[in-house]
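Read off the chains here:
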Amino acid sequence: MKKDRIFWGTVAPLAAVVSSLLLVSIILILRGANPIEIFQVMISYGFDPRNLVSELNQTVAYYLAGVAAAIGFKMLLFNIGIDGQYRMGAFFGAVVGAAVSLPPVLHVLLIIITAMLAGGLWAAIAGYLKVRRGVSEVISNIMLNFIAAAIIAFLLGEELLGILPEGSQNVQTRPIPLSGQMPTFKMFNGEVYSFLFVAIFVGIAYWIMLNKTVFGFNLRATGLSFRAARSSGVNAPGMIFITTVLSGAIAGLVGLGTLLSDTHSYSMAFPSGFAFTGLSLALLGRNHPVGIFFAAFLWSFLERAAPVLEYEGVPPEIVIVMQGTIVLSIVIAYEVVARINLRQQQRAVGKANVDLVKESK
Amino acid sequence: MGNILEVAGVEKKYPGVVANRDVSLLVREGSIHAIIGENGAGKSTLMKTLYGLIRPDAGSIKVFGQEVSLKSPQDAIALGIGMVHQHFKLADNATVLENVILGGEPSRFGFVIKYEEARKKLLEIAKTYHLDIDPDESVANLGVGERQRVEIAKVLFRGAKILILDEPTAVLVPQEVTELFENLRDLVDKGLTVLFISHKLDEVLSIADDITIMRQGTTVATKKPAETNKKELAELMVGGELPKPIAGVQNISQKSILAFKDVSFSRHDGREILHNLNLELHGGEILGLAGVEGNGQSELIELIMGLLPATSGSVEVLGLDASTTPTKDIRNAGVAYIPQDRQRDGLLMSAPLWENRILGHQFATPMAKGIWVNKAAAAQDSTRVVEEFDVRTPGVNVLASALSGGNQQKFIVGRELSGKPQLIVAAQPTRGVDVGAQAIIWDHLMKARTAGAGVLLVSADLEELFSLSDRIAVIYSGSIVSILNPLKTTPEDLGLAMTGAKSA
């Protein structure tokens, strides 16, 4: 039965990727391009060591966004606020990191904790509104994303927390001193963020929390059935709130790889769009930490390989089409798998009953 | 006038249950015909059959003397049969007019709705039958009584000649009931026919022209109000003889494990559900709670489990104040809970059985070890439950949703009776399960009682109540109206108490 689960859990995302490739091939053929050639170019470019490094670093951020979304999904929450939570985390992490001086490891830890607190507290607003006021977390989070961006833009004013370095157009926070930076390590002749290990740790902790602890059981129970969880003694509204905050706290970590190992300060140049990406990756990775990792890598790979398509006379936006169709197919594929599973189990139950009847005769 | 509706020999079977058998019914044109019976007597099945929602396995239905076969509500509507459901089916954010025409819009070319024509027709209906409704009011602003009038108007708008009302008074306050009855009188005066379901004997006697009584899936008699009385109706509803209790060792302790003292409970909208309710349960006792559904049983249970706080009065569960104690602590103190709606409240349908074994026991050993879930213990004990309660499943990794309802119920009962609970709140513990499973569940409840646990048995099944209970409390309209000894109770006493009539 367990083997079955792993089998179907792998077949579904693969089927989604394959059907997406087929669809994209059709589009490419219609444009007069040879899809096999295009895919070969993408693969050879994407697996080039130099590109692998930046893909890996991008994977770290996407992975954390995916895990943040997955925690929400387990509670049937659609955390579209990952964008705002990530901004708040990265910004306040940068501000606090630049304001203090501490011994190396402690300094980094303080930044990480600050970022998680900032992301978590920002998400808590949506959590409170949902539990106490019945406001859909989707609506409040979309608003909160805008508000977060606006607050940070305001706080980045030069009289407040921002500085304008010489020769730069971008206001940014004061740089984090050396003790608050995280090293990179050599891999494929490039510099990979050591924050990768934090991301891996988060993935493992997420899995253990969800599957092995009573807290995780209560979280999943509430997501599966609010009423059954409540009847069993779980403070279900409380669990919804805590889950929202937890999801926000993980989202607060999304920008830290870049911040701690690369830029060392927060600026308006930090990218956006992590919410949609995170939600897509959690969906594709079936809320499983390993699945999300592969999904995050696939996304980074596709995005990294996109620009090269222009040389082949194909618009790089084809990658977005690919991502979109993957997500769409995966939703269908998982539903099909879930139905097959239930039917198999029902058949097994039916068979067991028939056997029992035979025995008693 | 002749019979507008003739039902003969209608039968409907579900796997393991006969919902209707040999049902016969003659409804005179222009009359108000009431159908009364206990929960599960088959009233709703019959009404659904008449409205085309269920197809009978056998029997014939004649409308206006013509034999018909109803395949869907559309067929019923075409024949002039309309139904007003107990739970209104209205779109809140649309107007009365929009709701009335929804699904049957008069239109030009099939897509341009003729609002003016519809409004005129609706106003005409309202005037003819004295239904006080405003076509342009938003349904969201309407009270319960008004919504019901909209439902009635909706059915009339579609040209119904026979109206079926499923427990129309269950949701109404007394003044609204009076108003409804005036409306119903108007309808039959204008030549329509009304078929209505109720459990309330007073109402039925005051409004109906004919009363048909159903029991255990079949129609047992049809009476005229002038020729009968409450006593006779109650006896017909409940049956001639009540089952005798299963003899068991009586071991009732002095210890009170559950006590309601002057408990009232009002919902957010101010409607009072429980009123000055008093009830006490001792260890080693099975206390049956009888009553027509919707008289406050669900709220009473949720109060015990700490899921709702009492508005006034106190609920003491194993020495804890249930209004302020979290459900978790009530559970941990030794309260087992077999919920009425097992799929919504008792199970994680898409989780495996072993996880469902943990549910409700996740705050204490052996299902939890500190902060960790003890999967090994859960799997092992699930296997025990499966064996002891004869749950038909190939294993404990099967999803709860893959099991049949009866097996789900056996699993829940087995789970809840693990760990020696002191108080067992059992709501409809054998509803929808087969006879074999019922025997297993009864046996285990009796064993728990012998072992000193107190059981609150909320049931609509009179056989169950009489077989198991040491005492039977009757709840009506949010209060306990009488406490009966099952050995000395006559069916009519119980029937009268349950339907709110004061016994002599």
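Residues numbered from 1 in each chain as written. Chains lettered and ligands numbered in written order. Predicted model: local features only at pLDDT ≥ 70, side-chain atom pairs only at ≥ 80, totals over all residues.

This part takes up the overall build of chain A. Regarding its fold elements, chain A presents 14 helices and 4 strands. Computed over the C-alpha atoms, the radius of gyration of chain A is 23 Å, within 12% of the 21 Å expected from 2.2 N^0.38 for a compact globule of 361 residues. Overall, chain A is about 90 × 60 × 35 Å in size when its C-alpha atoms are taken along their principal axes. Counting every position in chain A, which comprises 361 residues, the buried fraction comes to 46%. Counting only contacts in chain A whose residues sit at least 6 apart along the sequence, the fraction spanning at least 24 positions is 76%. (Helix = DSSP H or I, 4+ residues; strand = E, 2+ residues; numbered from the N terminus. Rg over C-alpha atoms; globule rule 2.2 N^0.38 Å. Buried ≥ 20, exposed ≤ 12 C-beta atoms within 10 Å, placed from the backbone. Contact = placed C-beta atoms within 7 Å.)

Here we take up the interface of chain A and chain B. If you look at the interface, chain A gives 25 residues, while chain B gives 33 residues. Put simply, the parts of the chain that give the side of chain A that touches chain B at least two residues each are helix H8 (214–224), helix H9 (226–231) and helix H14 (318–360) of chain A. By residue class, the composition of the side of chain A that touches chain B is 12 nonpolar, 10 polar and 3 charged. (Nonpolar A, V, L, I, M, F, W, Y, C, P; charged D, E, K, R; others polar.)

All names here are of chain B. Strand order in the open sheet formed by 6 strands is S18-S21-S22-S15-S23-S24, and the pairing between neighbours is mixed. The sheet is open, and its two borders are formed by strand S18 (335–338) and strand S24 (479–484), each paired with just one other strand. Ignoring strand direction, the axes of neighbouring strands in this sheet form an average angle of 20°. Relative to strand S23 (residues 471–476), strand S15 (residues 286–290) runs parallel, the two being bridged by 4 bridges. Paired with Gly 288 across the two strands is Ile 472, which belongs to S23. Sitting on the sheet, helix H14 (residues 405–416) is in contact with S18 and strand S21 (423–427), with an inclination near 175° to S18. (Pairing = 2+ DSSP bridges. Axes fitted to C-alpha atoms, helices over the stretch in contact; angles between N-to-C directions.)

Core analysis: the biggest nonpolar cluster contains 251 residues, and Leu64(A), Ala65(A), Leu163(B), Ile164(B) and Val425(B) have the highest contact counts within it. Per-element accounting of this core gives the leading share, 13 residues, to helix H3 (residues 49–74) of chain A. With residues near it in sequence (within four places) discarded, Leu64(A) still touches Ala199(A), Val202(A), Ile250(A), Leu253(A) and Val254(A). (Core = buried A, V, L, I, M, F, W, Y, C linked by C-beta atoms within 7 Å.)

Before going further, it helps to spend a moment on helix H5 (residues 144–157) of chain B. Residues and elements named next belong to chain B. Here H5 spans 20 Å end to end across 14 residues, near enough to the 20 Å set by a 1.5 Å rise per residue. Taken residue by residue, H5 has Gln 148, Arg 149, Val 150, Glu 151, Ile 152, Ala 153, Lys 154, Val 155 and Leu 156 as its buried positions. Two residues or fewer after H5 comes Gly 159, characterised by a positive phi angle close to 85°. (Expected span 1.5 Å × (residues − 1).)

Residues and elements named next belong to chain B. Spatially, 4 strands are ordered S14-S13-S16-S17 in an open sheet, and the strand pairing comes out antiparallel. Only two strands of the sheet have a single neighbouring strand rather than two, namely strand S14 (272–282) and strand S17 (320–321). Bridge analysis of strand S13 (residues 256–266) against strand S16 (residues 312–317) gives 5 bridges, and the strand direction is antiparallel. Bridged to Ser 264 within S16 is Ser 312. Here helix H9 (residues 297–304) sits on the sheet and contacts S13, S14 and S16; the angle it forms with S13, its principal contact strand, is near 125°.

It is worth spelling out the domain arrangement of chain A at this point. Residues and elements named next belong to chain A. Splitting chain A by domain gives domain 1 (1–31 + 316–351) and domain 2 (62–313). Computed from C-alpha coordinates alone, the two centres of domain 1 and domain 2 are separated by 27 Å. At the junction of the two partners, domain 1 supplies 12 residues and domain 2 supplies 12 residues. For the side of domain 1 that touches domain 2, the secondary-structure elements that each account for two or more residues are helix H1 (2–30) and H14. Counting residues per element, the side of domain 1 that touches domain 2 draws most heavily on H14, which supplies 9 residues. For the side of domain 1 that touches domain 2, the class distribution of residues is 10 nonpolar, 2 polar and no charged. (Domains from an automatic or database assignment.)

Residue and element names in this part refer to chain B. Positionally, Gly 291 belongs in the loop between S15 and H9. We classify Gly 291 as buried; it has 27 C-beta atoms within 10 Å. C-alpha separation for the pair Gly 291 and Glu 38, spaced 253 residues apart in sequence, amounts to 9.5 Å. Excluding residues within four positions of it along the chain, Gly 291 makes contact with Gln 297, Val 474, Ile 475, Tyr 476 and Met 498.

Moving on, we come to the packing of helix H5 (residues 104–133) of chain A against helix H6 (residues 137–155) of chain A. Packed helices, taken two at a time, are described by the angle their axes make and the gap between the axes. Residue and element names in this part refer to chain A. Two elements in contact, H5 and H6, have axes whose closest approach is 9 Å; the angle formed by their N-to-C orientations is 150°. With respect to H6, the element H5 is oriented roughly antiparallel. Where H5 crosses over H6, the handedness of that crossing is right-handed. Counting all contacts with H5, which are made through Trp 122, Ile 125, Ala 126, Leu 129 and Lys 130, the residues of H6 involved are Glu 137, Ser 140, Asn 141, Leu 144 and Ala 148. Considered class by class, the residues forming the contact of H5 with H6 number 6 nonpolar, 2 polar and 2 charged. (Parallel < 35°, antiparallel > 145°, perpendicular 65-115°, else oblique. Left-handed = near helix turned anticlockwise from the far one by under 90°.)

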